[in-house]
Every structure is written in structure tokens, then in C-alpha cells.
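The lines below spell out each chain.
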Amino acid sequence: MRIFDPHIHMTSRTTDDYQAMYASGVRALVEPAFWLGQPRTSPASFYDYFDALLGWEPFRAAQYGIAHHCTIALNPKEANDPRCTPVLDALPRYLVKDNVVAVGEIGYDSMTPAEDTALAAQLQLAADHELPALVHTPHRDKLAGLRRTLDVVEESALSVEHVLVDHLNETTVKEAKDAGSWLGFSVYPDTKMDEDRMVEILRTYGPEKVLVNSAADWGRSDPLKTRKVADAMLAAGFTDDDVDRVLWRNPVDFYGISGRLQLDAPAPREATHEGNSILRGGA
Ligand SMILES: [Zn+2]
């Protein structure tokens, strides 16, 4: 089984996670730029973070046989902080990089006017750079947040068919599907979607344009949720081809819009001292 996790924050995860993910079948992932928990106090903090998503983290992933790409953006939460918004002007120089496969994650957190501005500006940047967009939907007021998101997408220069609307659930999936976007589901240990609910959604709406991710980060989350959904699908009678479609081909098709996916990660290194010393910069 080959698995592509289309949304996971490896910066917050350990090398044990990389090893366990590889052992579960994960061969590719996308790491969206996000909020670090600790508020950033200047645009320079973003640039160091973006550089890590483009340099250090793909190098780390490659040691474990996993192809790493990223999405770059000003995240919804920090779109409200005037110390951070100047990063919008610097995004074009990152969006031209080979490993950037979308603009994201963008979208709404509290649905403020500042978030409106950042979302519209970044949808335009996606259109300008011929990149798709990864759009997060808010955890509160989900349906209102989805509707407002779809309205802003419709007013933008970016086709809704180049948008992945993430963190969907039973209350939002139908409207997102009817709008024609790609459909993202984050499967968490104890909130949002779980494996059984995900299987029910796949039964009801089918696998077309559906992507499943772990969205694992610094909070309670599980980087193996993609594999657990695959196993739950098989147990529920879905075919190997259905699983491959949802867990591999759909993410490849969506991020492939960028024309930049490189899925030929090297075989993992044995966990030797040599490998470890490379990861530690020889220390
Ligand atoms: Zn995220």
C-alpha cells in the first residue's frame, strides 16, 4: 500500500514518526506552512520557517524514504497580526520554488476583515503562480465558514477546481462537493473526523476528489491516521483501488496541478550512526 499524507506538520514531529510512517506505507507528504503555537513577532520568523520547509525538512524526510513537498502562505490566525502581515509581500519569492506545490494553508480562523484581505490576496497569488490552494475551514461555525470561503473563491481569479477545502465533515462536505472543490478530511484521535465517520462519508459521497490527511502537528494527533483510514476502508469492503485512489492518486492529482511533484524519494537509510550524524550536521 502506498500512502500520500496531503497535510501534516513534520516540523513538530520526531524521526520516530518518520520511521513509523514509512513502515505504514507513507511515501510522500505535503507540509503546509502554519501557526507554530507561539506567535511570531516579525516577518523574519516566517522566512526562517519557510526556508526550513524548503531545505531541512525535505532532507530529513528523505533519510526515511519519504518525498516531502510544502505549501507556503500566511496562515489564517496570524493574518490578524499586523506584525506578521508584511509577509504577504515576500510570498512571491517563495512561491516560485520547485518544492512549493500550493499556496496554503489559507482561509478563515475567526472570519475577521483582516482574514478576508489575506485570503483574497493569497488566492490571487495562487492564480498568478499557477498553483492550487489549500484552504483551511474554521473549527467553529463550520458551515458559515465554508460558505464564506466558497464565496471568496468564486470572486477570485482561481478556479474552485484548483482549491482543496480542508477539515470538512458531515455538515460541510455536500456544499463543498457541489461547488466543485477538492475535499479534504483531517482525521484526528478524538476530535473532528474519525476513521468510521470517514468511511461513512466515502460510502455516501464516493471517493472522487476526496483526500484524507492526519494534519498531525504539535497538538494531540496521530501521523498514522492515513493508514488507519485505509485499513478501515478495506474492512468496510472498499477495494485496493479505492484505497489507492483516496490515499495516493487524489493527492497526486491535486498537488500535481502545480507541475512540481517529484515522487522519487530515495530508499530510507538504515538507522546507522552515519545517518544520524548526517542528520545532526556531523555533531
Ligand atoms: Zn494544518
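No experiment lies behind these values; they were computed from the predicted model shown. (Residues numbered from 1 in each chain as written. Predicted model: local features only at pLDDT ≥ 70, side-chain atom pairs only at ≥ 80, totals over all residues. Heavy atoms only, no water.)

Novice: What am I meant to see in helix α5 (residues 113–128) here?
Specialist: Every α-helix winds through 3.6 residues per turn, so residues three or four apart in the chain are directed the same way. The terminal C-alpha atoms of α5, which comprises 16 residues, lie 23 Å apart, in line with the 22 Å expected from a rise of 1.5 Å per residue. For α5, every residue scored as buried is listed here: Glu 115, Ala 118, Leu 119, Gln 122, Leu 123, Leu 125 and Ala 126. Down the axis of α5, the buried side of the element spans an arc of 155°, and every buried residue falls inside it. α5 presents Pro 113, Thr 117 and Asp 128 as exposed residues on the side facing more than 90 degrees away from its buried surface. Buried-residue contacts for α5 involve α4 (87–95), β4 (100–107), β5 (133–136) and α6 (142–155). With its phi angle positive at about 55°, Glu 130 sits one or two positions after the end of α5. (Helix = DSSP H or I, 4+ residues; strand = E, 2+ residues; numbered from the N terminus. Expected span 1.5 Å × (residues − 1). Buried < 20%, exposed > 50% of the residue type's maximum accessible area, 1.4 Å probe, protein only. Arc of directions from axis to C-beta. Contact = heavy atoms within 4.5 Å.)

Novice: I tried to follow the coordination of the zinc ion on my own but got confused; where do I start?
Specialist: Ligation of the zinc ion by protein atoms is provided by His 7 (NE2), His 9 (NE2) and Glu 105 (OE), these donors lying 2.1 to 2.2 Å from the ion. Mapped onto the sequence, the donors of the zinc ion take the spacing H-x1-H-x95-E. Taken as a pair, His 7 in the loop between β1 (3–5) and α1 (15–24) and Glu 105 in strand β4 lie far apart in primary sequence, 98 residues in all. For the residue pair His 7 and Glu 105, the accessibility class agrees, reading buried in each case. (Donors = N, O, S within 2.8 Å, 3.2 Å for Na, K, Ca; no water.)

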